[in-house]
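Examining the three-dimensional arrangement
The primary structure of each chain is shown beneath.
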Amino acid sequence: MTKPRRRKPIDQWNGESIPAGQSRDVKLAVSESYSSMNVKIPIHIRRAEEDGPVVFVTAALHGDEINGTGAIRELIQDVDFQLLRGSVILVPVLNILAFDRHSRYLPDRRDLNRSFPGSANGSLASRMARIIFDEIVSRCDYGIDLHTASVRRTNYPNVRGDLSNPEVSRLAKAFGSEIIMNGKGPAGAFRREACNSGCPTIIMEGGEVWKVEPGIVESAARGVRNVLRDLQMLDGEPESPDYQVIVDKSTWVRAERGGFLKFHVKPGDIIEKDQPLATNTTLLGRERSMLYAPFDSVVIGMTTLPAISPGEPICNLGMLPEGTKPSQIRRFRREEDGLEGQVVEELSTNLVVVEPCDEAAQLKMNPHHQRESNSHSGTGESAAAE
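Residues numbered from 1 in each chain as written. Predicted model: local features only at pLDDT ≥ 70, side-chain atom pairs only at ≥ 80, totals over all residues. Heavy atoms only, no water.

Filter applied, for reference: UniProt positions are given in the numbering used here, feature names are shortened, and annotations may be inferred rather than shown by experiment.
If you look the protein chain up in an unreviewed UniProt entry, it shows as Succinate dehydrogenase from Gimesia maris. In UniProt, the protein chain has this text filed under Cofactor (unreviewed entry): "Zn(2+)".

Written out as structure tokens, the structure reads:
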């Protein structure tokens, strides 16, 4: 249920006026350090001459997820990024305390992205969340929040949003990613609470922590531009793939045995039910078991660590909608030969991906080889790292 909103004006920031048609670099004090110094978030505000929507674009809500930081820096420095109407609030690093520690979490070990809308009298995380809500979300009509996978994982670029909200659905589809994951997000998450407050917000997930990856940066910057074009805030035609898939269910396929993996798929691959995902081997390379896809799916995310123990997540698979044929999507991507294919190849360089051996040959070579069952950690976004 949407709560009543108290809006703040975009043309005033800490007593400083930002007239239409101008840009300003401002800072938002969110806390104090142990040495009593103010901790401030650097923010770039850009306004068009004509009134229109106000959109925030944020990154590094988890302090180690900096692909979005690279994308927002690119937008700020792009001389062609000229608004036709409305305003944007660009925040390269939202969680400055975690960023300074190369950490996902705040110094109090809390997750800022589980602390919204926050409280002025709560924990460090809760107080920061409240300030961010009051000073950024309260000024905006729409929001885009940029994320990556968590540590030792990588994500193929995908957009996430509550598609039951028509304005969120509009943003998610306009962003132009191949994969849209439908869901409200975890309790206390930034985008979920922003939506609850009346500011439709989506997130993009892509790439790894501690990196600024070219294909992910380009995907994120393109997506932001696409949304602004859809809102008639930016000139030009949206750039989007030939198809989009809405994923209502996802699951992590987990290891049943310890060992060293040989991967058979890569992030972004479109795969079929029972297709081999990875072979579990001993340190000497002897095959122990194999993981298989439980349904037709897209590989949303993967571990980047081949050494695993029982129960560890291997692949995050998004179930393809009924009637969607993997072969048809693969054909679209081959014909497209654009950014999406480039990103698949870039992300695969972080993994050694090999063709699976014939299972019958494996059984002949190793009678102890078995087909590994696919255990899941649940469905939907609760199984993914946001």
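Moving on from the coordinates now.
1. Brief notes about the overall build of the protein chain
Spelled out, the test is: In DSSP terms, a helix is any run of H or I states spanning at least four residues, a strand is any run of E spanning at least two, and both are numbered starting from the N terminus. Put simply, the radius of gyration uses C-alpha atoms, and a globule should come to 2.2 Å times the residue count raised to 0.38. Relative accessible area decides the class of each residue, using a 1.4 Å probe on protein chains only: under 20% of the type maximum gives buried, over 50% gives exposed, and in between gives partly exposed.
If you tally the helices and strands in the protein chain, you get nine helices and 21 strands. The C-alpha radius of gyration computed for the protein chain amounts to 22 Å, which stays within 12% of the reference 21 Å derived for 386 residues, consistent with globular compactness. Taken over the C-alpha atoms alone, the protein chain extends approximately 75 × 50 × 40 Å along its principal axes. Across the 386 residues of the protein chain, 55% fall into the buried class.

2. Overview of the nonpolar core
Rules: The nonpolar core is taken to be a set of buried Ala, Val, Leu, Ile, Met, Phe, Trp, Tyr and Cys residues, with the residues joined through side-chain atoms within 4.5 Å. In what follows, residue pairs with any heavy atoms lying within 4.5 Å of each other are defined as contacts.
Counting residues in each nonpolar core, the largest one holds 49 residues, and the members touching the most others are Leu-146 and Leu-228. Examining the composition of this core, we find that seven residues originate from one element, helix 6 (residues 214-230), more than from any other. Apart from residues no more than four positions distant in its own chain, Leu-228 is found in contact with Val-55, Phe-81, Leu-83, Val-88, Met-233 and Leu-234. Residues Trp-13, Ile-18, Ile-43 and Leu-106 belong to the second largest nonpolar core, which totals 34 residues.

3. A short note on the packing of aromatic side chains
What counts, and what does not: Aromatic rings from Phe, Tyr and Trp, with only the six-membered ring used for Trp, were paired whenever their centres fell within 6.5 Å, and each pair was classed as stacked if the ring planes differed by under 30 degrees, edge-to-face if by over 60, and tilted otherwise. Note on criteria: charge over ring means Lys NZ or Arg CZ within 6 Å of the ring centre, with the direction from the centre no more than 35 degrees off the ring normal.
Within this structure, the stated rule accounts for three aromatic pairs. Ring geometry for Phe-116 against Phe-190: centres 4.7 Å apart, planes inclined by 35 degrees, an arrangement best described as tilted. Taken as a pair, Phe-116 in the loop between helix 2 (96-99) and helix 3 (124-135) and Phe-190 in helix 5 (residues 190-196) lie far apart in primary sequence, 74 residues in all. What makes Phe-116 buried here is its relative accessible area of 5%. Since its relative accessible area comes to 0%, Phe-190 is described here as buried. What links up through ring pairs into an aromatic cluster is the set Phe-56, Phe-116, Phe-133 and Phe-190. Sitting above the plane of the Trp-252 ring, Arg-153 keeps its charged end 4.6 Å from the centroid.

4. Looking at the side chain of Ser-103
Residue placement: Ser-103 occurs in the loop between helix 2 and helix 3. Ser-103 sits in the buried class, given a relative accessible area of 16%. Setting aside anything within four residues of it in sequence, one finds Ser-103 in contact with His-62, Gly-63, Asp-64 and Ala-98.

5. Some remarks on unusual backbone geometry
Here Phe-116 and Pro-117 are connected by a cis peptide whose omega angle stands at 5 degrees. Note that Pro-117 resides in the loop between helix 2 and helix 3. Even without being a glycine, Arg-152 presents a positive backbone phi close to 65 degrees. Position of Arg-152 among the secondary structure elements: in the loop between strand 7 (142-147) and strand 8 (153-161). The phi dihedral of Trp-210 falls on the positive side, at around 65 degrees, and the residue is not glycine. Structurally, Trp-210 can be placed in the loop between strand 10 (201-207) and helix 6.

6. Topic: the domain arrangement of the protein chain
What counts, and what does not: For the domain bounds, the source is a domain assignment made automatically or taken from a database. Put simply, buried area is the surface a 1.4 Å probe can reach on two separate parts but cannot reach once they are joined, added for both.
Assigned domains of the protein chain: these are domain 1 (12-231) and domain 2 (249-329 + 341-359). Put simply, the middle of domain 1 and the middle of domain 2, counted by C-alpha atoms, are 31 Å apart. Taken together, the contacts link 19 residues of domain 1 with 19 residues of domain 2. Each partner contributes to the roughly 1,400 Å² buried at the junction of domain 1 and domain 2, and carbon and sulfur atoms together form 61% of this total. Of all residues in domain 1, the largest losses of buried area upon contact with domain 2 belong to Arg-153, Thr-154 and Tyr-156, amounting jointly to 41% of the total for that side. Listed by contribution, the elements that provide at least two residues to the side of domain 1 that touches domain 2 are strand 8, strand 9 (179-182) and helix 6. In terms of residue count, the dominant contributor to the side of domain 1 that touches domain 2 is strand 8 (seven residues).

7. With respect to the environment of Gln-232
Looking at the secondary structure, you find Gln-232 in the loop between helix 6 and strand 11 (245-247). The class of Gln-232 is exposed, set by a relative accessible area of 56%.

8. Quick word on the UniProt feature "domain: Succinylglutamate desuccinylase/Aspartoacylase catalytic" (unreviewed entry) in the protein chain
The UniProt record marks residues 52-229 with the feature "domain: Succinylglutamate desuccinylase/Aspartoacylase catalytic" (unreviewed entry), using the residue numbering of this structure. Between the end C-alpha atoms of residues 52-229 the distance is 12 Å, and the span holds 34% helix and 23% strand.

9. Section: the pairing of strand 7
To keep things clear, this is the line we draw: Paired strands are those between which DSSP finds at least two bridges.
Summarising burial for strand 7: six of the six residues are buried, a large majority. Along strand 7, one buried face is formed by Tyr-142, Ile-144 and Leu-146 and the opposite face, lined by Gly-143, Asp-145 and His-147, is buried too. Examined bridge by bridge, strand 7 and strand 10 share five bridges and lie parallel to one another. Bridge pairing in strand 10 places Gly-143 opposite Thr-201.

10. Digging into the pattern of salt bridges
Cut-off, in case you're wondering: For this document, the term salt bridge refers to a Lys or Arg side-chain nitrogen within 4 Å of an Asp or Glu carboxyl oxygen.
On inspection of all chains with the given rule, the structure shows 18 salt bridges. With a shortest N-O distance of 3.8 Å, Arg-225 and Glu-74 are connected by a salt bridge. Pair noted here: Arg-225 is in helix 6 and Glu-74 is in helix 1 (residues 67-77), with a separation of 151 residues, a long-range link. Overall, the relative accessible area of 16% leaves Arg-225 in the buried class. Notably, a salt bridge pairs Arg-225 with Asp-78, separated by 2.9 Å at the nearest N-O pair. Residue Arg-225 is found in helix 6, and its partner Asp-78 is found in the loop between helix 1 and strand 6 (85-91); the two are separated by 147 residues along the sequence.

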